[in-house]
Amino acid sequence: MPLVTSTEMFKKAYEGGYAIGAFNVNNMEIIQGITEAAKEERAPLILQVSAGARKYANHTYLLKLVEAALIETDLPIVLHLDHGEDFEICKACIDGGFTSVMIDGSKHSFEENIRITRQVVEYAHDHGVVVEGELGRLAGVEDDVKVSEEESAYTRPEEVEEFVARTGVDSLAIAIGTSHGAYKFKGEPRLRFDILEEIQRRLPGFPIVLHGASSVVPEFVEMINKYGGNMPGAQGVPEEMLRKAASMAVCKINIDSDLRLAMTATIRKHFAEHPGDFDPRQYLKPAREAIKAMVKHKIVNVLGCNNKI
Ligand code: G3H
Ligand code: 13P
Ligand code: ZN
């Protein structure tokens with residue numbers, strides 16, 4: 001099966017009250033772990049590539065690894081650019097075989113966000129590619145950009161209809177209290193479901209995207225801390241909140257940090273138990289297995305997108 005866009009996936013997810021997992025990919029083991037999990041659970045999938053991933057692994061390598069996963073799994077897979085910051089990177093990914101791009105104009109003014117988002121939508125739609133826009137600003141760390149809590153801002157529901165109408169985006173990322181990275185909440189986790197409800201009311205049937213949606217799986221944090229790491233206070237979005245969002249208008253849930261934690265925790269444990277190992281296969285194999293098990297859990301118990309193909 002060739003790469004697909006998210007149009008059909010989101011329609012079914014919205015109607016079915018579940019969400020598609022959008023997992024960040026950076027290398028072969030991560031792609032294999034995620035896609036093997038989705039294959040066994042018969043789950044549609046979004047694999048997303050950040051600017052940092054393209055810099056690290058190279059566009060062509062990532063594209064070809066994902067094409068290999070298509071051959072091996074025969075799954076419907078969307079290849080998506082995560083947090084495209086300008087027209088140029090979106091164009092490079094559209095020209096380079098991606099089926100979906102995000103233009104993240106959330107750091108700009110409302111008018112400038114509309115202008116660049118519209119420009120990407122026109123080019124993307126001419127090439128059969130779908131576009132995710134963003135309104136509101138998440139806290140946390142992405143690549144070299146760190147957004148402090150003070151700079152972050154919830155999405156303003158009164159802006160969403162105009163933004164969607166004037167840009168023509170296919171989905172919208174919103175800020176309701178999640179953040180990127182492994183330190184999401186200082187105290188009790190809290191999400192503004194009232195904002196999500198109001199957005200859903202204003203945009204009936206329109207797919208919403210939740211970034212910064214890792215649970216920061218406590219077992220992995222404990223493992224990292226046990227085997228020489230230091231991540232005090234790491235905390236993610238509780239799974240029941242993600243399930244609630246998935247049952248509402250949220251059709252795409254972004255997960256990266258949980259992949260990083262699974263991989264790092266497993267590799268730390270491996271070296272603590274086998275200090276003499278030096279063949280990368282010895283530690284990358286259990287890391288890939290940990291990713292697979294974690295993604296299966298997300299698909300079945302959090303996203304609800306198993307058996308949907
Ligand atoms: O939202 C950001 C993702 O976690 C990607 O992170 O830019 O470090 O690859 P990255
Ligand atoms: P996490 O850091 O919570 O995994 O969020 C990932 C993300 O939003 C990628 O765009
Ligand atoms: Zn994000």
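Going by the structure above, here's the rest.
Just so we're clear, the structure is a prediction, and the values are computed from it rather than from any experiment.

Protein coordination of the zinc ion (ligand 3) is provided by His83 (NE2), His180 (NE2) and His211 (ND1), with donor distances spanning 2.1 Å. Binding-site remark: the zinc ion (ligand 3) is held by donors from one chain whose sequence spacing is H-x96-H-x30-H. In this pair, His180 sits in strand β9 (residues 179–180) while His211 sits in the loop between β10 (208–210) and α9 (218–226), placing the two residues 31 residues apart along the sequence. This pair shows no difference in class: His180 is buried, exactly as His211 is.

The next subject is the layout of surface pockets. Estimated volume of the second largest pocket: approximately 600 Å³. When residues of the lining of the second largest pocket are traced back to their parent elements, those giving at least two are β6 (139–142), β7 (145–147) and β9. Looking at the lining of the second largest pocket, the element that brings in the most residues is β6, giving three residues. Taken together, the residues that form the lining of the second largest pocket break down as 10 nonpolar, 10 polar and eight charged.

For ligand 2, the set of nearby residues contains 15 residues, the closest of which are Asp82, Lys184, Ser214, Asp256 and Ser257. Interatomic distance of 2.7 Å between a side-chain N/O atom of Asp82 and an oxygen atom of ligand 2. Interatomic distance of 3.1 Å between a side-chain N/O atom of His180 and an oxygen atom of ligand 2. Contact with the protein chains covers 96% of the free accessible surface of ligand 2, which is 310 Å².

Moving on, we come to helix α8 (residues 193–202). Within α8 the residues assigned to the buried category are Phe193, Ile195, Leu196 and Ile199. Relative to the axis of α8, the buried residues are bounded by an arc of 155° and lie together on one face. Packed against the buried residues of α8 are α7 (157–167), β8 (171–174), β10, α10 (239–247) and β11 (250–255).

Once that is clear, we can look at the packing of helix α6 (residues 110–126) against α7. At their nearest, the axes of α6 and α7 sit 9 Å apart, and the two run at 35° to each other. Considering how the two elements wind past one another, α6 and α7 form a crossing that is right-handed. Contact residues: Phe110, Glu111, Asn113, Ile114, Thr117, Arg118 and Val121 in α6; Glu159, Glu162, Phe163, Arg166 and Thr167 in α7. A per-class count over the contact of α6 with α7 returns four nonpolar, three polar and five charged.

Attention shifts here to the packing of helix α5 (residues 87–95) against α6. Put simply, α5 and α6 touch, their axes get as near as 10 Å, and they point 10° apart. Here α5 lies roughly parallel to α6, going by the angle between them. Considering how the two elements wind past one another, α5 and α6 form a crossing that is right-handed. Counting all contacts with α5, which are made through Phe87, Cys90, Lys91, Ile94 and Asp95, the residues of α6 involved are Gln119, Val120, Tyr123 and Ala124. Here the residues of the contact of α5 with α6 are counted per class, giving six nonpolar, one polar and two charged.

Here we take up the packing of aromatic side chains. Evaluated as defined, the whole model comprises three aromatic pairs. Each ring, one from Phe110 and one from Phe163, has its centre 6.4 Å from the other, and the planes form 40°; the classification is tilted. Of this pair, Phe110 sits in helix α6 while Phe163 is found in helix α7, placing the two residues 53 residues apart along the sequence. Look at Phe163 and you get buried, because its relative accessible area is 0%. Against the face of Tyr154 rests Arg192, its NZ or CZ located 5.2 Å from the ring centre.

Let's shift gears to the pattern of salt bridges. Following the criterion strictly, the structure yields 24 salt bridges and no others. A salt bridge links Arg166 to Glu111; its shortest N-O distance comes to 2.9 Å. Taken together, the residues span a long stretch of sequence, with Arg166 in helix α7 and Glu111 in helix α6 at a distance of 55 residues. On the basis of relative accessible area, Arg166 is assigned to the partly exposed category, the value being 35%. A salt bridge links Glu162 to Arg166; the nearest nitrogen and oxygen atoms lie 2.6 Å apart. Of this pair, Glu162 and Arg166 both sit in helix α7, four residues apart, roughly one helical turn. Overlapping salt bridges bring together Glu36, Glu40, Glu41, Lys292 and Lys296 as one network.

The rules behind these values
- Residues numbered from 1 in each chain as written.
- Chains lettered and ligands numbered in written order.
- Predicted model: local features only at pLDDT ≥ 70, side-chain atom pairs only at ≥ 80, totals over all residues.
- Heavy atoms only, no water.
- Donors = N, O, S within 2.8 Å, 3.2 Å for Na, K, Ca; no water.
- Helix = DSSP H or I, 4+ residues; strand = E, 2+ residues; numbered from the N terminus.
- Buried < 20%, exposed > 50% of the residue type's maximum accessible area, 1.4 Å probe, protein only.
- 1 Å grid on protein atoms, 1.4 Å probe; cavity = no way out; pocket = protein on both sides within 12 Å on 5 of 7 lines; lining within 4 Å.
- Points joined across faces, edges and corners; volume = space filled by probe spheres on them.
- Nonpolar A, V, L, I, M, F, W, Y, C, P; charged D, E, K, R; others polar.
- Near = heavy atom within 4 Å.
- Polar contact = N/O pair within 3.5 Å; in protein donor to acceptor, adjacent residues only side chain to side chain.
- Areas by Shrake-Rupley, 256 points an atom, 1.4 Å probe, with all protein chains shown as cover.
- Arc of directions from axis to C-beta.
- Contact = heavy atoms within 4.5 Å.
- Axes fitted to C-alpha atoms, helices over the stretch in contact; angles between N-to-C directions.
- Left-handed = near helix turned anticlockwise from the far one by under 90°.
- Parallel < 35°, antiparallel > 145°, perpendicular 65-115°, else oblique.
- Phe/Tyr/Trp six-rings, centres within 6.5 Å; stacked < 30°, edge-to-face > 60°.
- Lys NZ or Arg CZ within 6 Å of the ring centre and 35° of its normal.
- Salt bridge = Lys/Arg side-chain N within 4 Å of Asp/Glu carboxyl O.

Any link to function would need more than the numbers given here.
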